[in-house]
Amino acid sequence: MGKGVMEKVLSDKSVDDLRHSLVGTIILPMDAGYDAARRGFNALIDRRPAVIARCANAGDVAVAFDFAQEHKLEIAVRGGGHNPAGHCVCDGGFVIDLSRMRTVEVDVSRRIARSEGGATWLDFDSATQAFGLVTPGGVVVSTGVVGLSLGGGIGHLTAQYGLTCDHIISAELVIPDGTVVRANADENAELLWGLRGAGGNFGVVTRVEFRLHPLKQVIGGRCVFRGAGVREALLRYRDVVGHSPRDLSCQVSLAIDESLVPILEIDPCYTGPDADPEVLRVLRSGPGLIQDEVRTLPFLDQQRVIDTAYGEKRHYWKGHFVRELPDELLDEILHRITALGRPAGGIMIESLHGAPKNADTPPGAVGFRHAAFNVSVMAVWQDPALDAEQIAWARQGAAAIEPWSYSGGGYVNYMQADEPIERVRATFGLETFARLQKLKKQYDPQNILHRNQNVPPV
Ligand SMILES: Cc1cc2nc3c(=O)[nH]c(=O)nc-3n(C[C@H](O)[C@H](O)[C@H](O)COP(=O)(O)OP(=O)(O)OC[C@H]3O[C@@H](n4cnc5c(N)ncnc54)[C@H](O)[C@@H]3O)c2cc1C
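Everything quoted here is computed from the prediction, not taken from an experiment. (Residues numbered from 1 in each chain as written. Predicted model: local features only at pLDDT ≥ 70, side-chain atom pairs only at ≥ 80, totals over all residues. Heavy atoms only, no water.)

Participant: What is the right way to read the overall build of the chain from this model?
Facilitator: Of the regular secondary structure elements, the chain holds 15 helices and 20 strands. Here the C-alpha coordinates of the chain stretch approximately 70 × 55 × 40 Å along the principal axes. In the chain, buried positions account for 58% of the 458 residues. Within the chain, contacts between residues at least 6 apart in sequence are counted, and of these 73% link residues at least 24 apart. Of the roughly 17,800 Å² of accessible surface on the chain, 51% is carried by carbon and sulfur atoms. (Helix = DSSP H or I, 4+ residues; strand = E, 2+ residues; numbered from the N terminus. Buried < 20%, exposed > 50% of the residue type's maximum accessible area, 1.4 Å probe, protein only. Contact = heavy atoms within 4.5 Å. Areas by Shrake-Rupley, 256 points an atom, 1.4 Å probe, with all protein chains shown as cover.)

If you want it as structure tokens, here you go:
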């Protein structure tokens, strides 16, 4: 949207009225801090919203919805700003920014955490670990708690406790008409079901309650293999997690160095009773081990093992949940990582063994829990001149994995904005998608919240 149009849409008076109606603050293009406030994790996305409203509570979110719709501004919702598709920001539109709403309260006796809509995993884990409690979350602490949970949530404790969305007990949302709605087992249970997997579609979640588990320390960290031993390390990884050890969550990332030699990082997280568990000995004893930092550590330190710079690099991710990880697919993955002829990013494999498959998991829309692994080709680069080839590398890598795809869909939390609706539908399955569309019609019939992996209303 050009400057003239923005001025016409937003008079000084209307902006002043908005400012005075909010407990929180607004940030406009001429304000100091605007560039930092519009920046997301993915530097490939460079958008200039007309207004960023840093809401302080649910009332502010309702005001924001009202203002944006009255002025016909597109709406984006921002939690932790990590979504690689850049859904948290839109050109010329209105950003409902929840980054002021980060309080996390812990009810120790009921083992419940109550998180505001903009908390990060650092906020959450710091609050819950103060009482030796945990909810399985993401592996990078600056990621938004609610954004991650609403799409599923895979991390260091997935095998032990299940997906993050399985831990949502209740939520408070502001829906686009400004109404505050509650979802729990007794009230709007269908909405609670939808929030567990397709959550960003229905309203702005201002508060969520999560179930907690007792956990203080783990055996975690990382180990790294280089060169010819990488294939053997991948086979061992596949075989170890294939036995579904419920006390071991594990993900791996494959990359190449400047000399095109493969490097595999294994990030285990063991919570069982053994001081020197057999599963970790198997993972670490293969050839080519160049770094071994696997050790006992507090859970908060485990949450800092994987980190990545915010807003500095360009990202394009594409992948598939797969049914299995046969040798043939692992060889394809090893081939793909060198296909560009120079370092292009990485290929990450997350295992979904263990608790995601529990029969007593609360009902939810999430469609991937019965897949074996999530394989993501993650192009990461800095130079804009490389955009086309990096994006092509990720797309070709994902296409090569597709024959093993579990459903044809991908992980909504990692998808770019260019995924066609067919792929979002495949992610949930036809029946679930149709049910989500009905839910969407009930809570957001105009599809005001469409900057997400969208479920259009029926
Ligand atoms: C470095 C990095 C590490 C990651 N690690 C993991 C991981 O370990 N496990 C995993 O499962 N995923 C992971 N992800 C993916 C991540 O969970 C999703 O991208 C998620 O959408 C990020 O949420 P956010 O709030 O940080 O992002 P934002 O970009 O702020 O929000 C993304 C979208 O989520 C929705 N949303 C966010 N908050 C709310 C709210 N309060 N109410 C309603 N809708 C909301 C909106 O649709 C919003 O546009 C990672 C992503 C990155 C970039």
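Participant: I keep staring at the sheet that holds strand β5 (residues 104-107) and nothing clicks. Help me out?
Facilitator: Across the sheet, five strands lie side by side as β5-β6-β10-β8-β9; this open sheet has antiparallel pairing. Each edge of the open sheet carries a strand with a single partner, namely β5 and β9 (180-183). Sheet twist, expressed as the mean angle between neighbouring strand axes with direction ignored, is 15°. Where strand β8 (residues 168-174) meets strand β10 (residues 204-211), six bridges bridge the pair, whose relative direction is antiparallel. The residue of β10 that forms the bridge with Glu172 is Arg207. (Pairing = 2+ DSSP bridges. Axes fitted to C-alpha atoms, helices over the stretch in contact; angles between N-to-C directions.)

Participant: I keep staring at helix α12 (residues 327-337) and nothing clicks. Help me out?
Facilitator: Residues lying three or four places apart along an α-helix face the same way, a consequence of the helix completing one turn every 3.6 residues. Along α12, the residues classified as buried are Leu329, Leu330, Ile333, Leu334, Arg336 and Ile337. Projection of α12 onto a plane perpendicular to its axis shows the buried side chains occupying an angular sector of 160°, all on one side. In the core, the buried residues of α12 are packed alongside α9 (229-242), β14 (248-256), β18 (314-322), β19 (345-351), β20 (373-381) and α13 (387-401). (Arc of directions from axis to C-beta.)

Participant: When you look at helix α14 (residues 421-428) in this model, what are you seeing that I'm missing?
Facilitator: Among all positions of α14, only Arg423, Val424, Thr427 and Phe428 are buried. Each buried residue of α14 sits inside an arc of 135° when the element is viewed along its axis, so together they form one side. Just downstream of α14 lies Gly429, where phi reads positive at about 90°.

Participant: How should I be thinking about the pattern of salt bridges in this particular structure?
Facilitator: Pairing of side chains with opposite charge becomes possible as their charged atoms draw close. By the definition in use, this model includes 32 salt bridges. Note that Arg48 and Asp35 form a salt bridge whose closest N and O atoms lie 3.9 Å from each other. Highlighted residues: Arg48 in the loop between α3 (34-38) and β2 (51-54) and Asp35 in helix α3, separated in sequence by 13 residues. What makes Arg48 partly exposed here is its relative accessible area of 42%. When the shortest N-O distance is used, the salt bridge between Arg38 and Asp46 registers 2.6 Å. Overall, Asp46 belongs to the exposed group, its relative accessible area being 54%. Among the charged side chains, a network of salt bridges with common partners joins Asp35, Arg38, Asp46 and Arg48. (Salt bridge = Lys/Arg side-chain N within 4 Å of Asp/Glu carboxyl O.)

Participant: Before we go on, may I ask you to explain the packing of aromatic side chains in this structure?
Facilitator: Given two aromatic rings, one states the distance between the centres and the angle between the planes to describe the pair. This model, assessed by the stated rule, comprises eleven aromatic pairs. Ring geometry for Trp121 versus Phe124: centroids 5.1 Å apart, planes at 65°, classification edge-to-face. Of the two residues, Trp121 and Phe124 both sit in helix α5 (residues 121-129), three residues apart, roughly one turn of that helix. When sorted by exposure, Trp121 lands in the same class as Phe124, which is buried. Here Phe321 and Tyr411 contribute two aromatic rings whose centre-to-centre distance is 5.7 Å and whose plane-to-plane angle is 65°, an arrangement assigned as edge-to-face. Here Tyr411 lies in the loop between α13 and α14 and Phe321 lies in strand β18, a separation of 90 residues in the sequence. By the ring-pair criterion, three or more aromatic residues cluster together here, those being Phe41, Tyr310, Trp317, Phe321, Phe368, Tyr411 and Tyr414. Directly above the ring of Trp193 sits Arg435, whose terminal nitrogen or CZ lies 3.6 Å from the centroid. (Phe/Tyr/Trp six-rings, centres within 6.5 Å; stacked < 30°, edge-to-face > 60°. Lys NZ or Arg CZ within 6 Å of the ring centre and 35° of its normal.)

Participant: It is not clear to me how the packing of helix α8 (residues 189-198) against helix α15 (residues 430-443) should be interpreted in this structure. Could you clarify?
Facilitator: Angle between the axes and distance between the axes are the two parameters that describe a pair of packed helices. Between α8 and α15, whose axes approach to 10 Å, the crossing angle comes to 115°. Note that α8 runs across α15; the crossing there is left-handed. From α8, Glu190, Leu191, Trp193, Gly194 and Ala198 reach across to α15, where they touch Thr432, Arg435, Leu436, Leu439 and Tyr443. For the contact of α8 with α15, a count of residues per class yields six nonpolar, two polar and two charged. (Left-handed = near helix turned anticlockwise from the far one by under 90°. Nonpolar A, V, L, I, M, F, W, Y, C, P; charged D, E, K, R; others polar.)

Participant: Explain the packing of α12 against α13 here, please?
Facilitator: For the pair α12 and α13, the least separation of the axes is 10 Å and the interaxial angle reads 170°. In terms of orientation, α12 lies roughly antiparallel with respect to α13. Between α12 and α13, the residues in contact are Leu329, Glu332, Arg336 and Ile337 and Trp393, Gln396, Gly397, Ala400 and Ile401, respectively. Looking at the contact of α12 with α13, its residues break down into five nonpolar, two polar and two charged. (Parallel < 35°, antiparallel > 145°, perpendicular 65-115°, else oblique.)

Participant: Please clarify how the site of the ligand should be interpreted in this entry.
Facilitator: In the vicinity of the ligand there are 35 residues, among which Gly79, Gly80, Gly81, Ile154 and Tyr411 approach most closely. Within the backbone of Gly79, an N or O atom sits 2.7 Å from an oxygen atom of the ligand. In this structure, His82 approaches the ligand through a main-chain N or O atom, which is 3.1 Å from an oxygen atom. Bound to the protein, the ligand loses 97% of the 950 Å² it would expose on its own. Every element with two or more residues in the shell around the ligand is listed here: β3 (75-78), α6 (145-151) and β10. It is α6 that contributes the most residues to the shell around the ligand, four residues altogether. When its residues are assigned to classes, the shell around the ligand shows 16 nonpolar, 17 polar and two charged. (Near = heavy atom within 4 Å. Polar contact = N/O pair within 3.5 Å; in protein donor to acceptor, adjacent residues only side chain to side chain.)

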